[in-house]
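Next come the chains, spelled out residue by residue.
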Amino acid sequence: MGLAQTFEFEYQSTEEIQSFINNLNKTVRLQFEKELWMVSEFEGCKMMFEIRIVSKGLYCHRSGDYFSFLGYFLEQLCGVFGAVTIEDV
């Protein structure tokens, strides 16, 4: 059980989003499986943070101790794509 949200923003191509996600791999270990990236640990915190590309941006489902990664993720996302709209799903 966890929280699911969409992160909507303007982008040029899905390759641009894939590049953004892959660049996160410099800071956090990502596992990729069937169009889904997963983070299980960040700064010693255990979590399940799943990221999937959707039509208007990203879908994320998360549980555990994800707060520090969420803050980092949002900073990076806004830094690359500008304004981000977050909606619960």
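Our subject is the structure listed above.
Reading the values: rules and limits
Residues numbered from 1 in each chain as written. Predicted model: local features only at pLDDT ≥ 70, side-chain atom pairs only at ≥ 80, totals over all residues. Heavy atoms only, no water. Pairing = 2+ DSSP bridges. Helix = DSSP H or I, 4+ residues; strand = E, 2+ residues; numbered from the N terminus. Axes fitted to C-alpha atoms, helices over the stretch in contact; angles between N-to-C directions. Contact = heavy atoms within 4.5 Å. Expected span 1.5 Å × (residues − 1). Buried < 20%, exposed > 50% of the residue type's maximum accessible area, 1.4 Å probe, protein only. Arc of directions from axis to C-beta.

## Comments concerning the sheet that holds strand β5 (residues 57–64)
Spatial ordering of the open sheet is given by β2-β3-β4-β5-β1-β6, a layout of 6 strands whose pairing is antiparallel. Edge positions in the open sheet fall to β2 (30–33) and β6 (85–88), since each of these has one partner strand only. Each strand axis lies, on average, 25° off the axis of its neighbour in the sheet, ignoring direction. Packing against the sheet, helix α1 (residues 14–24) makes contact with β2, β3 (36–42), β4 (45–54) and β5, and its axis sits at approximately 165° to β4. Each of β1 (3–8), β3, β4, β5 and β6 is contacted by helix α2 (residues 67–81), which is oriented at about 35° to β4, the strand it contacts most.

## What about α2?
Relative to the 21 Å expected for 15 residues at 1.5 Å per residue, α2 spans 21 Å between its end C-alpha atoms, a close match to the ideal helical length. Turning to α2, its buried residues are F69, L70, Y72, F73, L77 and F81. Taken down its axis, α2 places every buried residue within 165° of arc, on the same side. Facing away from the buried side of α2, by more than 90 degrees, are the exposed residues F67, E75 and G79.

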